[in-house]
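Next come the chains, spelled out residue by residue.
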Amino acid sequence: MLSRLGLRAAPAALKSLAPSLSVGPFHTGQRCLAPLPPLPEKGGQVRHGLIPEEFFQFLYPKTGVTGPYVLGTGLLFYLLSKEIYIINHETIAGACVVGVLIYIVKKYGGDVAAFADRLNEEKVAKALAVKNDSINHLESIIEQEKKEQWRVEGRNYLFDAKRNNVAMLLETNYRERLLTVYNEVKKRLDYQIAVQQLTRRKEQDHMINWIEKNVIQSITAQQEKESIAKCISDLKMLSKSTRVAV
Amino acid sequence: MAGRRAALKAIDWMAFAERVPPNQRAMFNALKTRNDALSAKLTSLPEKPPAIDWVYYKTAVAKAGMVDEFEKKYNALKVPEPVDTQTGKINAQEQEAAKSAAEYVQASKSRIVQYEKQLEKFRTMIPFDQMTFEDLNKVFPETKLDKEKYPYWPHRPIEDL
């Protein structure tokens, strides 16, 4: 059976050994541009850490479950009995070394694997963080640019405000001018009236003074004595009446 | 300038304030206070001066034709409106601002397109744990090791490790 395998492999090996610059039956189809499937997470299954599972599956149809074990045992006894493999001190040393190695791997293998995985995880996480930061940063920048565009649209307010200011200034100035005109005219008219009233008052005062002066002058001495005597008699009568009333 | 009744446009100061960027706040506040001062002054002045009572003056003032002359001249007087020199400049400024704003928006849009492109690149990237170094160099060209300049490992100057 092994010989049949050998026979089948021979022509392929001969073909690959033959010198050929052209690639032969390989890579003749169209280049496949689809993304390649991701690498498998786990390696191939092995039994007892050494022998791949495919060997057991390969022998299962002919020999059942125990086939490879029987094969292995028979092979071992053949080698020992025919002294193809000789047991010497190296065998014992080798067996001890192998035992210790198996113990160490069984005990600490998981931790070492976890540590190595963690190193890898950290690298990937760092790269992922960088990528996420870049995405967030870009998004926020885009937001800001849009906001700035929105702000720019508000420039009309500024110019409206400026024009309003100018219009208000002009209006204020015009109103002030009107007011000034009115005030000036009113002041002048009021001044005229005030002057008139002042002269009139002065004339009145002067006239009154002049009349008083003349009247006082015209009171002769005789009239003065008579008026004083009359006043005194009047006063006497008044005082008599008041004394009687009290 | 068309008549003195140039209507004052109502300005929404709240919306205006929203759009002011923070580094121009001071200028905005100055503009607003100036505007408020001007409008206060405007409202404090009467629109038309009070009418002069010519009848009373005619009876009060003694001088013969003075009041009539004053009345005639007063009614004939036309107060000149102040000349508007600034609105033209403001309009010119507005045109310029419109132009520069259009340019800015243009530049901003092209920047946004660039950013969007980069964003697309990041979003359609394959996850890191399925990448080979070739794929990594395609997405981030700066990670490509220059094997011609530095033929020996680690293919970059020691300081950059």
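Residues numbered from 1 in each chain as written. Chains lettered and ligands numbered in written order. Predicted model: local features only at pLDDT ≥ 70, side-chain atom pairs only at ≥ 80, totals over all residues. Heavy atoms only, no water.

Looking at an unreviewed UniProt entry, one finds chain B named ATP synthase subunit d, mitochondrial and attributed to Gopherus evgoodei. The annotation that UniProt attaches to chain B under Sequence similarities (unreviewed entry) is "Belongs to the ATPase d subunit family." Entered under Subcellular location (unreviewed entry) in the UniProt record, the comment concerning chain B runs "Mitochondrion inner membrane". (UniProt positions renumbered as here; feature names shortened; annotations may be inferred.)

Some points on the overall build of chain B
When you go through chain B residue by residue, the secondary structure sums to six helices and zero strands. The helix and strand sequence of chain B, counted from the amino end, reads α-α-α-α-α-α. Counting only residues that meet the buried cut, chain B has 28% of its 161 residues in that class. Here the contacts in chain B between residues at least 6 apart in sequence split such that 12% fall between residues at least 24 apart. A total of about 12,200 Å² of accessible surface is found on chain B, and carbon and sulfur atoms cover 58% of it. (Helix = DSSP H or I, 4+ residues; strand = E, 2+ residues; numbered from the N terminus. Buried < 20%, exposed > 50% of the residue type's maximum accessible area, 1.4 Å probe, protein only. Contact = heavy atoms within 4.5 Å. Areas by Shrake-Rupley, 256 points an atom, 1.4 Å probe, with all protein chains shown as cover.)

Some words on helix α2 (residues 25-44) of chain B
Look at α2 of chain B: 28 Å from first C-alpha to last across 20 residues, which is about the 28 Å you get at 1.5 Å a residue. Three or more residues of α2 of chain B are buried, namely Phe28, Leu31, Asn35, Leu38 and Leu42 of chain B. Along the axis of α2 of chain B, the buried residues cluster in a sector spanning 100°; they form a single face. With respect to the buried face of α2 of chain B, the exposed residues turned more than 90 degrees away are Ala26, Thr33 and Ser44 of chain B. Those residues of α2 of chain B hidden inside the fold are in contact with α5 (155-218) of chain A together with α1 (13-19) of chain B. (Expected span 1.5 Å × (residues − 1). Arc of directions from axis to C-beta.)

Side note on a negative patch on the surface
Taken together, Glu41, Asp117, Glu121 and Glu122 of chain A together with Asp129 of chain B make up a surface patch of like negative charges. Examined against the element boundaries, Asp117 of chain A turns out to sit in helix α4 (residues 89-152). (Patch = residues over 30% accessible without salt bridge, like charges linked within 9 Å, V, L, I, M, F, W, Y side chains within 5 Å. Salt bridge = Lys/Arg side-chain N within 4 Å of Asp/Glu carboxyl O. Lys, Arg positive; Asp, Glu negative; His and termini not counted. Charge placed at Lys NZ, Arg CZ, Asp CG, Glu CD.)

Structural notes on a nonpolar patch on the surface
Together, Leu75, Leu76, Phe77, Tyr78, Leu79, Leu80, Ile84, Tyr85 and Ile87 of chain A make up a nonpolar patch on the protein surface, roughly 870 Å² of accessible area in all. Looking at Leu80 of chain A, the relative accessible area reads 32%, which means it is partly exposed.

A closer look at the side chain of Thr87 of chain B
Counting through the fold element by element, Thr87 of chain B comes out in helix α5 (residues 86-123). Residue Thr87 of chain B is classed as buried on the basis of its relative accessible area, which comes to 17%. Excluding residues within four positions of it along the chain, Thr87 of chain B makes contact with Arg163 and Val166 of chain A.

Concerning the layout of surface pockets
In this structure, the largest pocket occupies an estimated 2,000 Å³ of space. Lining the largest pocket are 42 residues, and of these Phe128, Gln130, Met131, Thr132 and Phe133 of chain B lie nearest its centre. Where the lining of the largest pocket is concerned, the elements lending two or more residues are α4 of chain A together with α6 (133-139) of chain B. By residue number, the principal contributor to the lining of the largest pocket is α4 of chain A, which donates eight residues. Classifying every residue of the lining of the largest pocket by side-chain character gives 24 nonpolar, six polar and twelve charged. (1 Å grid on protein atoms, 1.4 Å probe; cavity = no way out; pocket = protein on both sides within 12 Å on 5 of 7 lines; lining within 4 Å. Points joined across faces, edges and corners; volume = space filled by probe spheres on them. Nonpolar A, V, L, I, M, F, W, Y, C, P; charged D, E, K, R; others polar.)

A few points about the interface of chain A and chain B
Contacts between chain A and chain B engage 55 residues on the former and 69 residues on the latter. Summing the contributions of chain A and of chain B, the shared interface buries around 6,300 Å²; its carbon and sulfur component is 70%. Here chain A is connected to chain B by five salt bridges. Across the pair Glu145 of chain A and Arg111 of chain B runs a salt bridge whose closest N-O atoms are separated by 3.0 Å. Viewed at the interface, chain B and chain A are joined by 17 residue pairs in polar contact (both at pLDDT 80 or more). Examining the composition of the side of chain A that touches chain B, we find that 35 residues originate from one element, α5 of chain A, more than from any other. Of the residues assigned to the side of chain A that touches chain B, the class counts are 27 nonpolar, ten polar and 18 charged. (Buried area = accessible area lost by both parts, 1.4 Å probe. Polar contact = N/O pair within 3.5 Å; in protein donor to acceptor, adjacent residues only side chain to side chain.)

Observations concerning the packing of α5 of chain A against helix α4 (residues 66-76) of chain B
Put simply, α5 of chain A and α4 of chain B touch, their axes get as near as 12 Å, and they point 180° apart. The orientation of α5 of chain A relative to α4 of chain B falls into the category roughly antiparallel. Every residue of α4 of chain B that contacts α5 of chain A at Val181, Tyr182, Val185, Arg188, Leu189 and Gln192 of chain A is listed here: Met66, Val67, Phe70 and Tyr74 of chain B. Counted by class, the contact of α5 of chain A with α4 of chain B contains eight nonpolar, one polar and one charged residues. (Axes fitted to C-alpha atoms, helices over the stretch in contact; angles between N-to-C directions. Parallel < 35°, antiparallel > 145°, perpendicular 65-115°, else oblique.)

Concerning the packing of aromatic side chains
Scanning all chains against the criterion turns up ten aromatic pairs over all chains. Measuring from ring centre to ring centre gives 6.1 Å for Phe122 of chain B and Phe140 of chain B, while their planes differ by 45°; the resulting arrangement is tilted. You can see Phe122 of chain B sitting in helix α5 and its partner Phe140 of chain B sitting in the segment after α6, a full 18 residues away along the chain. By the burial criterion, Phe122 of chain B is buried, and Phe140 of chain B matches it. For the ring pair Phe128 of chain B and Phe140 of chain B, a centre distance of 6.4 Å and an interplane angle of 10° mean the geometry is stacked. With Phe128 of chain B in the loop between α5 and α6 and Phe140 of chain B in the segment after α6, this pair connects stretches of sequence that are twelve residues apart. For the residue pair Phe128 of chain B and Phe140 of chain B, the accessibility class agrees, reading buried in each case. The rings of Tyr157 of chain A together with Trp13, Phe16 and Phe28 of chain B are connected pair by pair, giving a single aromatic cluster. (Phe/Tyr/Trp six-rings, centres within 6.5 Å; stacked < 30°, edge-to-face > 60°.)

Digging into the nonpolar core
Membership of the largest hydrophobic core comes to 14 residues, with the highest contact counts inside it found for Phe122, Met125, Phe128 and Phe140 of chain B. For this core, the elements supplying multiple residues, two or more each, are α4 of chain A together with α5 and α6 of chain B. Leave out the neighbours within four places in its chain, and Phe122 of chain B touches Lys131, Ser134, Ile135 and Leu138 of chain A together with Phe140 of chain B. With ten residues, the next largest nonpolar core counts Tyr182 and Val185 of chain A together with Tyr57 and Val67 of chain B among its residues. (Core = buried A, V, L, I, M, F, W, Y, C linked by side-chain atoms within 4.5 Å.)

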